[in-house]
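So the chains spell out like this:
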Amino acid sequence: MDGIMNKLRNLDVYPKINEDFYSRTLSGGVITLASSVFMCLLFFSELRLYLHAVTETKLVVDTSRGETLRINFDITFPALACSILSVDAMDISGEQHLDVRHDIIKRRLDVHGNVIEARQDGIGAPKIEKPLQRHGGRLEHNETYCGSCYGAEAADDDCCNSCEDVREAYRKKGWALSNPDLVDQCKREGFLQKIKDEDGEGCNIYGFLEVNKVAGNFHFAPGKSFQQSNVHVHDLLAFQKDSFNISHKINRLAFGDYFPGVLNPLDSVQWTQEQPSGMYQYFIKVVPTVYTDVSGHTIQSNQFSVTEHFKGAEIGRLQSLPGVFFFYDLSPIKVTFTEQHVSFLHFLTNVCAIVGGVFTVSGILDSFIYHGQKAIKKKMEIGKFS
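Residues numbered from 1 in each chain as written. Predicted model: local features only at pLDDT ≥ 70, side-chain atom pairs only at ≥ 80, totals over all residues. Heavy atoms only, no water.

The name that an unreviewed UniProt entry assigns to the protein chain is Endoplasmic reticulum-Golgi intermediate compartment protein 3-like, with the source organism given as Hibiscus sabdariffa. Per UniProt, the comment on the protein chain under Subcellular location (unreviewed entry) is "Membrane". (UniProt positions renumbered as here; feature names shortened; annotations may be inferred.)

(A) Inspection of the pairing of strand β8 (residues 216-222) at higher detail. Counting buried residues along β8, seven of its seven residues qualify, which places the element largely inside the surrounding structure. Burial of β8 is two-sided: the residues Gly216, Phe218, Phe220 and Pro222 facing one way and the residues Asn217, His219 and Ala221 facing the other way are all buried. Pairing analysis gives seven bridges linking strand β3 (residues 85-91) to β8, with the strands arranged antiparallel. By the bridge assignment, Ser86 is partnered in β8 with Ala221. Pairing of β8 with strand β15 (residues 323-330), which is carried by five bridges, proceeds in the antiparallel orientation. When the sheet's bridge partners are listed, Gly216 is paired in β15 with Tyr328. (Buried < 20%, exposed > 50% of the residue type's maximum accessible area, 1.4 Å probe, protein only. Helix = DSSP H or I, 4+ residues; strand = E, 2+ residues; numbered from the N terminus. Pairing = 2+ DSSP bridges.)

(B) Broad picture of the pairing of strand β16 (residues 333-340). With eight bridges joining them, strand β1 (residues 54-61) and β16 adopt antiparallel strand pairing. By the bridge assignment for β16, Thr57 is matched with Phe337. Here strand β13 (residues 277-292) pairs with β16 via four bridges, running parallel. The residue of β16 that forms the bridge with Val290 is Thr336.

(C) Structural detail: the side chain of Ser331. Examined against the element boundaries, Ser331 turns out to sit in the loop between β15 and β16. Of note is the side chain of Ser331, whose polar atom sits 3.2 Å from the backbone nitrogen of Ile333. Each residue touching Ser331, except ones within four places of it in the same chain, is listed here: Lys285, Val286, Val287 and Pro288. (Polar contact = N/O pair within 3.5 Å; in protein donor to acceptor, adjacent residues only side chain to side chain. Contact = heavy atoms within 4.5 Å.)

(D) Quick peek at the packing of aromatic side chains. Going through the model one piece at a time under the given rule, you end up with 22 aromatic pairs. A centroid spacing of 6.1 Å and a plane angle of 85 degrees characterise the contact between Phe220 and Phe326, whose relative ring orientation is edge-to-face. Residue Phe220 is located in strand β8, and its partner Phe326 is located in strand β15; the two are separated by 106 residues in the primary sequence. Phe220 gets classed as buried once you look at its relative accessible area, which sits at 0%. According to the relative accessible area criterion, Phe326 is buried, its value standing at 0%. Aromatic pair Tyr280 and Phe310: ring centres 6.2 Å apart, planes at 35 degrees, arrangement tilted. With Tyr280 in strand β13 and Phe310 in strand β14 (residues 298-313), this pair connects stretches of sequence that are 30 residues apart. Residue classification places Phe310 among the partly exposed positions, given a relative accessible area of 21%. Following the ring pairs from residue to residue traces out a cluster consisting of Phe73, Phe77, Phe218, Phe220, Phe255, Trp271, Tyr280, Tyr282, Phe304, Phe310, Phe326 and Tyr328. Directly above the aromatic system of Phe208 lies the positively charged group of Arg70, at a separation of 3.6 Å from the ring centroid. (Phe/Tyr/Trp six-rings, centres within 6.5 Å; stacked < 30°, edge-to-face > 60°. Lys NZ or Arg CZ within 6 Å of the ring centre and 35° of its normal.)

(E) Quick look at the state of the cysteines. Using the criterion set out here, one finds three disulfides in the structure. Disulfide partner of Cys149: Cys160, at an S-S distance of 1.9 Å. Measuring handedness by torsion sign, the sulfur bridge of Cys149 and Cys160 sits at about 95 degrees and is right-handed. In this pair, Cys149 is assigned in the loop between β6 (115-120) and α3 (163-173) and Cys160 in the loop between β6 and α3, connecting sequence segments 11 residues apart. Both residues of the pair, Cys149 and Cys160, count as buried. Covalent S-S linkage joins Cys163 and Cys186, the inter-sulfur distance amounting to 1.9 Å. Taking the torsion about the sulfur-sulfur bond, which here is approximately 80 degrees, the covalent link between Cys163 and Cys186 counts as right-handed. Here Cys163, found in helix α3, pairs with Cys186, found in helix α4 (residues 184-189); they are 23 residues apart in sequence, far enough to count as distant. The exposure classification of Cys163 matches that of Cys186, with both residues buried. (Disulfide = S-S within 2.5 Å.)

(F) Highlighting the layout of surface pockets. Considering only enclosed or pocket space, the largest pocket measures out at about 610 Å³ in volume. As for the largest pocket, its lining consists of 16 residues, and the residues nearest its centre are Gly28, Thr32, Ser362, Gly363 and Asp366. Secondary-structure elements contributing two or more residues to the lining of the largest pocket are α2 (26-51) and α6 (344-385). No other element matches the seven residues that α2 contributes to the lining of the largest pocket. Residues belonging to the lining of the largest pocket are distributed by class as follows: five nonpolar, nine polar and two charged. (1 Å grid on protein atoms, 1.4 Å probe; cavity = no way out; pocket = protein on both sides within 12 Å on 5 of 7 lines; lining within 4 Å. Points joined across faces, edges and corners; volume = space filled by probe spheres on them. Nonpolar A, V, L, I, M, F, W, Y, C, P; charged D, E, K, R; others polar.)

What follows is the structure, given as C-alpha cells:
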C-alpha cells in the first residue's frame with residue numbers, strides 16, 4: 001500500500017514549497033489584486049453570455065413553393081382624401097386585386113392630422129326617395145328598386161343601386177366614368193359634392209394584403225382602376241382635378257410578422273411632394289426570413305431593402321399615373337435566425353480558460369517585474385562599491 005502511495009506522490013506535477021522560502025513583494029500584491037478583479041470581470045461577462053441566448057445566423061436557398069406573402073401597411077396621405085384613394089395589387093403571374101377593400105381601414109384626417117372619422121372603405125350615403133329605375137321611371141310605392149348601370153350591365157337583369165355599383169360596373173367593362181352628375185345614383189348620393197367637401201382633407205389607410213409569393217407590386221392611387229387594352233389605368237376624370245398631391249408618411253410597412261431584431265427601413269419615412277403631380281416609386285427586395293426562438297417556436301417572416309425614385313409629370317398632363325407604388329421582388333436566399341443557449345461544458349471550458357490564462361499571464365508579469373527589480377538593484381549595489 002505504501003508503495004502505491006509513493007508512486008502516486010511521484011506523479012504530483014504541483015510540488016509544494018515551504019513557506020519559509022516564499023518572498024512576497026509589493027508589486028506581486030498589486031498584480032494579484034488587479035488580476036483578481038480582471039478575472040472576476042471576465043467571469044461575469046462569460047456568465048452573462050451563458051445565461052442569455054445567442055442567435056446563430058445561416059443563409060440557405062429558399063425552396064418553399066406555393067406560399068402567400070402578407071403585406072402589413074399603415075400609410076398617411078395628408079393631402080389626399082379617403083373618398084378618392086384606392087389600393088391595387090398585382091403580380092407577374094397575372095393575378096390582380098383591384099380596388100381592394102377587405103381588411104383595409106381608412107380614417108379621414110383634417111388639415112392638422114386629427115381623425116375625423118374611421119370607416120371601412122366605400123362611399124355609401126343615404127338615398128333620397130324615388131330614385132330612377134332601370135326602365136326609366138321613378139321608384140313607386142311597394143316596387144323593388146333596380147337602378148340602371150348605364151350600359152355596363154353584364155346581364156339583362158343586373159342592377160346598379162348605388163353610385164359605387166355603377167362605378168364598379170364601369171370598371172369591369174374597362175370604361176371611365178367621366179361625369180358622375182349624369183348618373184342618377186351618383187347625383188342622388190352627392191358623389192361630386194362629397195369629393196368637394198373632403199377637398200383638403202388627408203387620409204390614413206392601414207390594413208394588410210395577402211398576395212402570391214412572387215414578384216409584383218401594390219400601389220395607392222386616386223381613382224378606380226380598370227384594364228384598358230391590357231394597360232392598367234385609373235379613372236381620374238370623375239374627380240375633375242388636374243393634379244394630385246401624393247405626399248405621404250409610411251408609419252409602418254412590413255412583409256410578414258414581427259420577430260425580435262427585425263428592422264423595417266421604411267418605418268416612419270416621410271416624403272413631401274414639391275411638383276404638381278407625379279409617381280413615387282419604391283423598389284423593394286424581399287428576403288425570406290425564419291426566426292426560431294429558444295423554446296423552438298418558429299416565425300416565418302421577411303426582411304427587405306429598398307430604393308426610391310420619383311417620376312414627375314407636367315401639370316394638366318398626367319403622363320404617369322399619380323400615386324405611391326411599391327414594386328417588390330423576392331430573393332432566392334433565405335436567412336435563418338436560431339436562438340440557442342451556450343452549453344454548460346462550453347461555459348465551463350471558457351471559465352477554466354479565463355482563470356488559467358489570467359493566472360499564467362499575471363505570473364509571467366510578476367516574474368518579469370521581480371527579476372527586473374532584482375537586476376537593477378544588483379547593478380546599483382555594484383556601482384556603489386566601485
